[in-house]
Amino acid sequence: MREHNYAYIFGGAIGDALLGAHLGRSLAEAQPGARLTLITTRENPFLRDLLKPLTFVRLLEMPKGRLRSWAMLPFFRAYHLVFSEPLSAPIPLWWRILARALTARPGSVEVHCVGKSDTVLFPCAKSIVYDCRTDNVFDLPPKILVAWGLPSVSLTPHLEASLYGPLEQVAERYLLFHFSAPSMRRSVPIAHAREILALVQSAFPAYDLVLTCTAADRLRTEKIGQGYSIRILEDLPAAALVRTIRNASAYVGVDTGVTHLSCHICTPCVVLGNRSNPCWLPYYAPKAEILFESRRCGCHGDKTGDCTEETPEGSVYRCLFDISAERVTHALHELLSIDRGVGK
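J.: Explain the environment of A181 to me, please; I cannot follow it from the model alone.
T.: Structurally, A181 is set in the loop between strand 7 (174-178) and helix 6 (190-203). Residue A181 is classed as buried on the basis of its relative accessible area, which comes to 7%. Those residues in contact with A181, other than ones at most four positions away along the chain, are R186, S187, V254 and T256.

J.: So what exactly am I meant to see when it comes to helix 9 (residues 257-265) here?
T.: In an α-helix, one turn spans 3.6 residues; hence positions three or four apart end up facing the same way. Among the nine residues that make up helix 9, nine are buried, leaving the element largely enclosed by the rest of the structure. For helix 9, every residue scored as buried is listed here: G257, V258, T259, H260, L261, S262, C263, H264 and I265. One or two steps after helix 9, the chain reaches C266, where phi turns positive at roughly 70°.

J.: Even after reading the chapter, I still don't get the side chain of E309, so can you show me in this structure?
T.: Looking at the secondary structure, you find E309 in strand 13 (residues 308-311). There is a polar contact of 2.7 Å between the side chain of E309 and the side chain of R296. Those residues in contact with E309, other than ones at most four positions away along the chain, are R296, G314, S315, V316, R318 and F321.

J.: Can you help me understand the pairing of strand 1 (residues 5-10) in this one?
T.: Across a regular strand the side chains alternate sides, sitting on one face of the sheet and then on the other. Burial within strand 1 is extensive, with six of its six residues counted as buried. Taken together, the four bridges between strand 1 and strand 4 (residues 79-84) define a ladder with parallel strand orientation. Bridge assignment links Y6 to a residue of strand 4, and that residue is H80. Bridge count between strand 1 and strand 2 (residues 36-40): five bridges; the pairing is parallel. Bridge pairing in strand 2 links Y8 to L38. Following the chain from strand 1 across helix 1 (residues 14-30) to the adjacent parallel strand 2, one finds a crossover that is right-handed.

J.: Would you explain the pattern of salt bridges in this entry?
T.: Side chains that differ in sign of charge can pair as their charged atoms come close. All chains considered together, the criterion is met by ten salt bridges. As a salt-bridge pair, E110 and R100 come within 2.3 Å of each other at their nearest N and O atoms. Separated by ten residues along the polypeptide, E110 in strand 5 (residues 109-114) and R100 in helix 4 (residues 93-102) bring together distant segments of the chain. The partner of R296 in a salt bridge is D322, and the shortest N-O contact between them spans 2.9 Å. Remark: D322 occurs in the loop between helix 10 (318-321) and helix 11 (325-339) and R296 occurs in the loop between strand 12 (288-291) and strand 13; sequence separation between them is 26 residues. Connected through shared salt-bridge partners, R218, E222 and E234 make up one network.

J.: Help me understand the sheet that holds strand 10 (residues 250-254) in this model?
T.: Adjacent strands of a sheet form backbone hydrogen bonds with each other and so pair up, either parallel or antiparallel. With parallel pairing, the six strands of this open sheet are ordered in space as 9-8-7-10-11-12. Edge positions in the open sheet fall to strand 9 (230-234) and strand 12, since each of these has one partner strand only. Strand after strand, the sheet turns through a mean of 20° between neighbouring axes, direction not considered. The sheet contact formed by strand 7 and strand 10 spans four bridges and is parallel. The residue of strand 10 that forms the bridge with F177 is V252. Docked against the sheet, helix 7 (residues 218-225) engages strand 8 (208-213) and strand 9, running at close to 170° with respect to strand 9. Across the face of the sheet, helix 8 (residues 238-247) comes into contact with strand 7, strand 8 and strand 9 while running at roughly 130° to strand 7.

J.: Would you mind showing me how to read the sheet that holds strand 2 here?
T.: Pairing in this open sheet of six strands is parallel, and the strands run 3-2-1-4-5-6 from one edge to the other. Only two strands of the sheet have a single partner each, and these edge strands are strand 3 (57-61) and strand 6 (126-129). Across the sheet, the mean angle separating the axes of adjacent strands is 20° when strand polarity is ignored. With four bridges joining them, strand 5 and strand 6 adopt parallel strand pairing.

Thresholds, definitions, all that
Residues numbered from 1 in each chain as written. Predicted model: local features only at pLDDT ≥ 70, side-chain atom pairs only at ≥ 80, totals over all residues. Heavy atoms only, no water. Helix = DSSP H or I, 4+ residues; strand = E, 2+ residues; numbered from the N terminus. Buried < 20%, exposed > 50% of the residue type's maximum accessible area, 1.4 Å probe, protein only. Contact = heavy atoms within 4.5 Å. Polar contact = N/O pair within 3.5 Å; in protein donor to acceptor, adjacent residues only side chain to side chain. Pairing = 2+ DSSP bridges. Right-handed = clockwise from strand over helix to strand, strands pointing away. Salt bridge = Lys/Arg side-chain N within 4 Å of Asp/Glu carboxyl O. Axes fitted to C-alpha atoms, helices over the stretch in contact; angles between N-to-C directions.

Below you can see the structure in the form of structure tokens.
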């Protein structure tokens, strides 16, 4: 059998990288020895740390502004390529340039994953059309493999935490929280996050509370935790974050890459979700309770719709804003009761 090169282009987000890793593991199962090249258009030390232990993928950083990225283009061999088209924006020009370079030679196969039926399809590429309102992007790998001419393989997204070293002993028993996303719309406002912490601390006095955040979110995270006995972990490297998540009794977080990481590690997770982009919610996770509030939600499921709650910090999705602290606490009770058998 002729050996092929396989590649996945993405913008550099953690969730996208985990989808690529899931595809890479599926590819290695379908064609033993195959390795997926994850091509990111940003430089990201966190992803280097995260993906390094995984033998079935390799990371290639190709930011548009780096001369070396352009110099590499003429030397690409024929690739079987895939990327997922953005839901609410055109395909970035740099992605198009990379796709042309990767698939210019005979034997190449280009696959686009398209989440909206009204998207203009490219005649030069195969298209996998999914419904962004009802389907999940982590179910796409079997279809991508078939489009590449390989057997369909269906696996549950998973990341082996033992690859990242011994467990991180932050405290004897702790609950881990991540309240901030890259955009305020998907973040929990400070006042509401404090309500959640107050009720959780009252309901689970035997557990320490630990909050993770980026350096950019340090100030708002300190305000969230002010007056509580908490520990803040800022900008952890990927390996340390994996160990910290794995050792937590449970995790509570907004719909972001850190939450997908927690779901891949199979730590019990309460996901503070929204319905703007449900195809990215971690329904694949066996130990996840995904929360959102439908009553005032105006999301259409494709990043459109009127679902805005104005707060002192900016606009937030109402379906996220309306999740009560009581629902979060109840979900934690359920998950900790189920998971009690593992000794946490």
